[in-house]
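# Close look at the chain arrangement
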Amino acid sequence: MTPFCAAPVADRPVTGGRPCTEVDTALEEHAVLRLMPDRAKDLVRQYGRSRRMDCGDQYPGPTGVTFVTTGALAAFDRRSLACVGLFGPGAAFGWDRALTSRDHPVPLLALVDVAWIELEGDHLASAMDPVWLEHVFARHALDRLERLEADAACNAVHPIPHRTANWIRRLAILTGPELRTTQGLIARTMGVQRTSAHAAVKALERDGAIRLFRGRIRVTDPARLARFACGC
Ligand SMILES: [Zn+2]
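These figures come from a predicted structure and were not determined experimentally.

## Here's the deal with the pattern of salt bridges
- Scanning all chains against the criterion turns up 15 salt bridges.
- Across the salt bridge formed by Arg-51 and Glu-118, the nearest N and O atoms sit 3.1 Å from each other. Of the two residues, Arg-51 sits in strand 1 (residues 49-53) while Glu-118 sits in strand 8 (residues 114-120), which places them 67 residues apart along the sequence.
- Of the residues examined, Glu-118 reaches a relative accessible area of 1% and is grouped as buried.
- Close ionic contact of Arg-147 with Asp-151 constitutes a salt bridge, the shortest N to O distance being 2.7 Å. In this pair, Arg-147 and Asp-151 are both assigned in helix 5 (residues 130-157), four residues apart and thus about one turn of the helix distant.

Below is the structure:
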């Protein structure tokens, strides 16, 4: 049933009796969107595009600032060799598009079913204080740099079985223990052969950390999975 925002529920804004859209819900719940100033929220309501992809779908790259609401998106390098960024619920990326005209498309892959809100950068820039935007961009860039450094060290040092466990652990933290994903997607994310990822997930299943189903991975023992994961 479609939820309505008209009911005077505490802490929930009334939106005039119209059906509560995914954008409305995101504006209330998304970690970044809900903190934005009212005039920016109005623009998100007006111009925000709600998008979805099923597990395994690819997207050549959003043209605006992206606010992930559910699921997990893997961002790849331009040659699509390996994942260089993992974005789950509450993540926002593409701030550079609100500050510069430089386009830097990032190929995206849905690791599980995913939904997000997208808004053109110049719309956002027109409604935001430039100092606030620069602060958010700088913070985001530092977070990405820190994560890339950790991933680079992980790829260089940690064996594939431990990295495989870690990717499953990270996905489960973001989206829950029931993952509609495949071993092939995990392998693509790590930039390794599917057979290598397959051997790793079978070992995790034998160990009781996960159970494998067709097109799904269920984390059955998070503590056991965490012990096997490299933790990066
Ligand atoms: Zn690692």
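Structure's up, so let's keep going.
## Thoughts on the sheet that holds strand 5 (residues 83-87)
- The strand order across the open sheet formed by four strands is 2-7-4-5, and the pairing between neighbours is antiparallel. A single partner strand is all that each edge strand has here, and the edge strands are strand 2 (58-59) and strand 5.
- In this structure, strand 4 (residues 73-76) lies alongside strand 5, joined through four bridges in antiparallel fashion. Counterpart to Ala-75 in the pairing with strand 5 is Gly-85.

## Quick notes on the nonpolar core
- Counting 30 residues, the largest nonpolar core has Ile-168, Ile-210 and Leu-225 as the members making the most contacts within it.
- Mapped onto this core, the elements with two or more residues apiece are strand 4, strand 5, helix 6 (160-175), helix 7 (183-190), helix 8 (194-206), strand 10 (210-213) and strand 11 (216-219).
- The dominant element in this core, judged by the number of residues it contributes, is helix 6, at five residues.
- Setting aside residues up to four positions removed in sequence, Ile-168 forms contacts with Leu-179, Ile-186, Val-201, Leu-204, Ile-210, Ile-217, Val-219 and Leu-225.

## A few points about the coordination of the zinc ion
- Donor atoms from the polypeptide that coordinate the zinc ion comprise Cys-154 (SG), His-158 (ND1), Cys-230 (SG) and Cys-232 (SG), at 2.2 to 2.3 Å from the metal.
- Each donor residue of the zinc ion lies on the same chain, and together they follow the pattern C-x3-H-x71-C-x1-C.

## Brief notes about the pairing of strand 4
- Burial along strand 4 is two-sided: the residues Leu-73 and Ala-75 and Ala-74 and Phe-76 are all buried.
- The sheet contact formed by strand 4 and strand 7 (residues 108-110) spans three bridges and is antiparallel. Bridge assignment links Leu-73 to a residue of strand 7, and that residue is Ala-110.

About the criteria used
- As a convention, each chain's residues are numbered from 1 in the sequence order in which they are written.
- Per-residue local features are limited, in this predicted model, to residues with pLDDT of at least 70; the limit for side-chain atom pairs, both in listing and counting, is 80 or more; totals at the level of whole chains, interfaces and linings are taken over all residues.
- Side-chain measures were taken over the full set of non-hydrogen atoms in the model, leaving aside hydrogen atoms and water.
- Salt bridge criterion: a side-chain nitrogen from Lys or Arg within 4 Å of a carboxyl oxygen from Asp or Glu.
- The way it works is that DSSP assigns letters per residue, a run of H or I at least four long becomes a helix, a run of E at least two long becomes a strand, and they are numbered from the N terminus.
- To sort residues, take the accessible area from a 1.4 Å probe on protein chains only and compare it with the maximum for the residue type: under 20% means buried, over 50% means exposed, and anything in between is partly exposed.
- In short, DSSP must find at least two bridges between two strands for them to pair.
- Nonpolar cores are built from buried Ala, Val, Leu, Ile, Met, Phe, Trp, Tyr and Cys residues. Side-chain atoms within 4.5 Å join them into one set.
- Here, residues are in contact when the closest pair of their heavy atoms is within 4.5 Å.
- With water excluded from the atoms, a metal site may look incomplete; its donors are any N, O or S atoms within 2.8 Å, or within 3.2 Å for Na, K and Ca.

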